[in-house]
Amino acid sequence: MNDAKKVGIMGGTFNPIHNGHIILAKKALEQIHLDKIIFMPSGNSYMKKNVLEPQKRVEMVSLAIKHNPSFELSLIEVQKPGNTYTCETLETLKAAHSDIQYFFIIGADTLFQIEKWQNPKQIFAMATLLCAVRDSYDLDTIKEKGRALARLGADIIYLNIPKIDISSTKIREKVKNNLSIFEDVPLEVAEYIKQERLYYEED
């Protein structure tokens, strides 16, 4: 397995993608010596409602990552009809590329939710989790949760990364209130949101 290609997966609604996602991906790339990172916007999320249409989210991800040759866009979940599940996506990837070692990149908030996902044990069997501190969780609390998940088969690596106080929810709220988001998202994404008038009238 030491000679296997190491590929990171950054999944999510990316509603919108922001600098926190980019920083996390860069840190994962550097610290784990990954060969590349795949950004994978979700299609029909069964866990989130009122998500922007997939094509616009895809275009924002494409704009955000286009300058980094180690970042790649995947449409595997966007193009899948019906609900998308991480376990099924990983199964498809592993079937097509059995020689690749996959690393699923998450924030601490996801670590505390992943047991509620579809077939978490299958996810743990097919990918190593790369977890970063996020929101109100400290490292001790995260590692305690990690030990509980390890008993279900999870292999978790903790990324050395400062807390990033950026979220898609806060960005959408800023847009709605006509506040600048140029510090929160890549320039091309900020311009795209303005041009397409996204999130201005979000519920």
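Residue numbers here run from 1 along each chain, matching the order of that chain's written sequence. Whole-chain, interface and lining totals are the exception, using all residues; otherwise, since this is a predicted model, local features are given only for residues with pLDDT of at least 70 and side-chain atom pairs are given and counted only at 80 or more. Values reported for side chains reflect all heavy atoms of the structure, with hydrogen atoms and water molecules removed beforehand.

Engineer: Looking at this structure, I do not really get the overall build of the protein chain. What am I missing?
Structural biologist: A run of DSSP states H or I qualifies as a helix once it reaches four residues; a run of E qualifies as a strand once it reaches two. Both are numbered from the N-terminal end. Helices and strands together make up the secondary structure of the protein chain, namely eight helices and six strands. Tracing the protein chain from N to C terminus, the helices and strands come up as β-α-β-α-β-α-β-α-α-β-α-β-α-α. The C-alpha radius of gyration of the protein chain comes to 17 Å, within 12% of the 17 Å expected for a compact globule of 203 residues. Oriented by its inertia axes, the alpha-carbon framework of the protein chain measures out at about 45 × 35 × 30 Å. Exposure categories follow from relative accessible area, calculated using a 1.4 Å probe and restricted to protein chains: below 20% of the type maximum is buried, above 50% is exposed, and the middle band is partly exposed. Scored against the burial criterion, the 203 residues of the protein chain give a buried share of 48%. Any two residues having at least one pair of non-hydrogen atoms within 4.5 Å are treated as being in contact. Here the analysis covers contacts within the protein chain between residues at least 6 apart in sequence; of these, 76% occur between residues at least 24 apart. Within this scheme the basic residues Lys and Arg register as positive and the acidic residues Asp and Glu register as negative, but His and the chain ends are omitted. By convention, the charge on Lys lies at NZ, on Arg at CZ, on Asp at CG and on Glu at CD. For the protein chain, the distance from the average position of its 26 positive side-chain charges to the average position of its 27 negative side-chain charges is 2 Å. Put simply, the radius of gyration uses C-alpha atoms, and a globule should come to 2.2 Å times the residue count raised to 0.38.

Engineer: Help me out: how do you make sense of the packing of aromatic side chains in this one?
Structural biologist: Working definition: an aromatic ring pair is given by the centre-to-centre distance plus the angle between the planes. Working definition: rings of Phe, Tyr and Trp (its six-membered ring) pair if their centres are within 6.5 Å, and the pair is stacked with planes under 30 degrees apart, edge-to-face with planes over 60 apart, and tilted otherwise. Across all of its chains, the model carries three aromatic pairs by this definition. Members of the aromatic cluster, joined through ring pairs, are Phe14, Phe39 and Phe71.

Engineer: Looking at this structure, how should I read helix H7 (residues 168-176)?
Structural biologist: Because each turn of an α-helix spans 3.6 residues, side chains separated by three or four positions end up pointing in the same direction. Within H7 the residues assigned to the buried category are Ser168, Ile171, Arg172 and Val175. The buried residues of H7 all sit within an arc of 100° when viewed along its axis, so they share a single face. Directly after H7, the chain includes asparagine 178, whose backbone phi takes a positive value near 60°. This arc is taken over the directions from the axis of the helix to the C-beta atoms.

Engineer: Whenever I open this one, helix H3 (residues 86-96) confuses me. Can you help?
Structural biologist: For H3, the set of buried residues is Thr86, Cys87, Thr89, Leu90 and Leu93. Along the long axis of H3, the arc covered by the buried residues comes to 160°, so they all point the same way. Along H3, exposed side chains directed more than 90 degrees from the buried face belong to Ala95 and Ala96. Against strand E1 (5-12), strand E2 (36-41), strand E4 (100-107), helix H5 (120-126) and strand E5 (127-132) lie the buried residues of H3.

Engineer: I keep staring at the pairing of E4 and nothing clicks. Help me out?
Structural biologist: Looking down a regular strand, the side chains alternate between one sheet face and the other. Across the eight residues of E4, seven count as buried, placing the element largely inside the fold. A pair of strands is considered paired only if DSSP assigns at least 2 bridges between the two. In this sheet, E4 lies alongside E1 in parallel orientation, the contact comprising five bridges. Along E4, the bridge assignment pairs glycine 8 with phenylalanine 103. The pairing of E4 with E5 spans six bridges and is classified as parallel. Bridging from a neighbouring strand, glycine 107 pairs with alanine 132 of E5.

Engineer: So what exactly am I meant to see when it comes to unusual backbone geometry here?
Structural biologist: Between asparagine 15 and the following residue, proline 16, the backbone shows a cis peptide bond with an omega angle of 5°. Take proline 16: it is sitting in the loop between E1 and helix H1 (19-32). At asparagine 119, a position not held by glycine, the phi torsion is positive, near 50°. Its place among the elements puts asparagine 119 in the loop between helix H4 (108-111) and H5. You will see that asparagine 178, though not glycine, has its phi angle at about 60°, which is positive. Mapped onto the fold, asparagine 178 is located in the loop between H7 and helix H8 (187-196).

Engineer: In this structure, what is going on with the pattern of salt bridges? I would like to understand it.
Structural biologist: A carboxyl oxygen of Asp or Glu within 4 Å of a side-chain nitrogen of Lys or Arg is what we treat as a salt bridge. Scanning all chains against the criterion turns up six salt bridges. Glutamate 196 is paired through a salt bridge with lysine 56; the nearest N and O atoms lie 3.0 Å apart. Of this pair, glutamate 196 sits in helix H8 while lysine 56 is found in helix H2 (residues 54-65), placing the two residues 140 residues apart along the sequence. In this structure lysine 56 comes out as buried when scored by relative accessible area, which is 19%. The salt bridge partner of lysine 80 is glutamate 88, with a shortest N-O separation of 3.4 Å. Judged by its relative accessible area of 31%, lysine 80 falls in the partly exposed class. The class for glutamate 88 is partly exposed, based on a relative accessible area of 29%.

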